[in-house]
Amino acid sequence: MDIYNYKEIRTPVFEETSLFSRSIGELTDIVGKEMYSFTDRSGNSLTLKPEMTAAVTRSYIQHNLGEKQPLTKVYYISPAFRQERPQAGRLRQFHQFGAEAIGGPNPEIDAEIISLSAAIYKNFDITDFEIRINSVGCQKCRDKYKTVLKSFLSTIADKLSSDSQRRIDTNPIRVLDSKDENDIKLTIDAPLMKDYLCGDCKIHFEKLQTLLHTAGVDFKVDGRIVRGLDYYTKTAFEIISNELGAQDALTGGGRYDLLVSELGGKPTPSVGFAAGMERLLMVLQKRNKLNRTTPHPKLFIAAMDDKSRDRVFQEIFKLRNKGISCDSDLLYRSLKAQMREADRQQAEYVIVIGENEIKSNRVTIKAMQTGNQQEISLDELPDYLSGN
RNA sequence: GUGUCCAUAGUUCAGUUGGUUAGAACGCCAGGUUGUGGCCCUGGAGGUCGAGGGUUCAAGUCCCUCUGGACACCCCA
């Protein structure tokens, strides 16, 4: 994100429900049946955010971010919530990372967003994915296209799946996105949006493609991509993994030129993408590239007997206040149990403090991996540990 | 919202045609060694068998409902 000069933005986990129904669209699945909505004590309907773009846009408008600079480039990493039946790659609480470039109409910005989202996977050495792009046009050309498409679909309506039949009126473009084999066959010759773009949209889409070539981004034009959120205009794109199961979309995004003004801001053309953290993690896990590292204490101090515990406690905090990670037994366990604990915690060093040590102010420090022991003065301990 | 499968110790799982106090491995705790972990040996703790109802002399086992989970549809990140 830094290389592309995007700054982090964080928004609350919940928003007013109307924000999402207005932006994502009343008739979409997300708003229609997947939101975690609830009423607060003042009777307002709130919703755990199902995606980030609407929340970021709200924040952009509310804080007049557009006044600070004409193009606002932000990224986020955030939990998101959708009440669906979970399955591989689909959780009710999941995490999205993404970016939004708010304030510019030019295809260079679309290309930057697509390139940025792809770069993230390449950074993880993931190359087995496919970028699919499409243009869903602007309001003008989309309306025209919808009537053409509707009349085409009505000729085959009785043969389509029931889902698709229902969509002919509500959202005909989605019929082309059907995964029903029969539907796919029937719509193979259906008119596609990209062939009905108005001059402006067509130039934008073509320019985007040459820019992506320049940026070195491989992609495929797929005239059937429709995103499930109503606010998209012109560019729509997806990144699909070849290594995941049924839930194979790593990233989805596109341009939303009307959203800011629909939510009460000035007309502000924008582009963005959202990606699923867990899906990225799944790909990494499949390739055994998920090496989780848990921190280990540098030192474990064991108490010889209960009389020495006060001194152990003292030493522990002396070291912690110097920024050295260390731990000790808090359960009054036997020396053997303390050693076992130190081993379990994979402490790098162990010292035992008892009567002798308190008297002489000298301790034997043991390197747990090698078993080597060395006698040093307690005062040298911080230097000994940080020197290594 | 739909379909298929599943639910027994902290974890992974056994548990016979329904039949006494429900087992193993790993993990956990303690001891073997009264100043030193891992390996080994010995012992111990830990289960409302997901919940509720039903059938039966008897249910972890059969039936119903519910809840939760996995996968798929759908949808999407």
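Just so it is clear, the model here is predicted, and its values are computed rather than measured.

Rules behind the numbers
Residues numbered from 1 in each chain as written. Chains lettered and ligands numbered in written order. Predicted model: local features only at pLDDT ≥ 70, side-chain atom pairs only at ≥ 80, totals over all residues. Heavy atoms only, no water. Near = heavy atom within 4 Å. Polar contact = N/O pair within 3.5 Å; in protein donor to acceptor, adjacent residues only side chain to side chain. Helix = DSSP H or I, 4+ residues; strand = E, 2+ residues; numbered from the N terminus. Nonpolar A, V, L, I, M, F, W, Y, C, P; charged D, E, K, R; others polar. Phe/Tyr/Trp six-rings, centres within 6.5 Å; stacked < 30°, edge-to-face > 60°. Lys NZ or Arg CZ within 6 Å of the ring centre and 35° of its normal. Pairing = 2+ DSSP bridges. Axes fitted to C-alpha atoms, helices over the stretch in contact; angles between N-to-C directions. Contact = heavy atoms within 4.5 Å. Patch = residues over 30% accessible without salt bridge, like charges linked within 9 Å, V, L, I, M, F, W, Y side chains within 5 Å. Areas by Shrake-Rupley, 256 points an atom, 1.4 Å probe, with all protein chains shown as cover. Salt bridge = Lys/Arg side-chain N within 4 Å of Asp/Glu carboxyl O. Buried < 20%, exposed > 50% of the residue type's maximum accessible area, 1.4 Å probe, protein only.

A.B. asks: I'd love a proper account of the protein's contact with RNA strand B, names of residues and values included.
C.D. replies: In the vicinity of RNA strand B there are 47 residues, among which Arg167, Arg174, Gly228, Asn356 and Glu357 approach most closely. Taking all atoms of RNA strand B within 4 Å of the protein, the share assigned to sugar and phosphate is 53%. Interatomic distance of 2.9 Å between a side-chain N/O atom of Gln96 and a sugar or linking oxygen of RNA strand B. Within the residue set of the surface near RNA strand B, elements represented by two or more residues are strand S6 (93-102), strand S10 (249-255), strand S11 (270-276), helix H12 (335-344) and helix H13 (355-360). In terms of residue class, the surface near RNA strand B is built from 15 nonpolar, 12 polar and 20 charged.

A.B. asks: Could you give an account of the packing of aromatic side chains, with specific residues and numbers?
C.D. replies: Tallied over the full model, the rule gives 7 aromatic pairs. Ring geometry for Phe14 and Phe38: centres 6.2 Å apart, planes at 75 degrees, overall edge-to-face. Taken as a pair, Phe14 in strand S2 (residues 14-16) and Phe38 in strand S3 (residues 36-39) lie far apart in primary sequence, 24 residues in all. Connected via pairs of aromatic rings, a cluster forms that spans Tyr231, Tyr232 and Tyr256. Directly above the aromatic system of Phe317 lies the positively charged group of Arg320, at a separation of 5.1 Å from the ring centroid.

A.B. asks: Would you mind going over the sheet that holds strand S14 (residues 349-353) in detail, with residue names and values included?
C.D. replies: Spatially, the 5 strands line up as an open sheet ordered S13-S12-S14-S15-S16, and their pairing is mixed. Here the strands that pair on one side only, and so sit at the sheet edges, are strand S13 (326-328) and strand S16 (373-377). Each neighbouring strand pair of the sheet contributes to a mean axis angle of 25 degrees, computed without reference to strand direction. Alignment of strand S12 (residues 299-303) against S13, held across 3 bridges, turns out to be parallel. Bridging from a neighbouring strand, Phe300 pairs with Asp327 of S13. Contacts from helix H11 (residues 309-321) reach S12, S13 and S14, with the element oriented near 165 degrees to S12. Strands in contact with H12 are S12, S14 and strand S15 (362-367); relative to S12, the strand with the most contacts, it is inclined by about 170 degrees.

A.B. asks: Lay out a nonpolar patch on the surface with the relevant residues and their values.
C.D. replies: On the surface, a cluster of nonpolar side chains totalling about 240 Å² of accessible area is made up of Val13, Phe14 and Phe38. For Phe38, a relative accessible area of 34% translates into the label partly exposed.

A.B. asks: Give me the pairing of strand S5 (residues 72-81): which residues, what numbers.
C.D. replies: Most of S5 is tucked away: 8 of the 10 residues are buried. Note: strand S1 (residues 7-8) against S5, 2 bridges, orientation parallel. The residue of S5 that forms the bridge with Lys7 is Val74. Where S5 lies against S6, 10 bridges are found, and the strand directions are antiparallel. What sits directly across from Tyr75, in S6, is Ala99.

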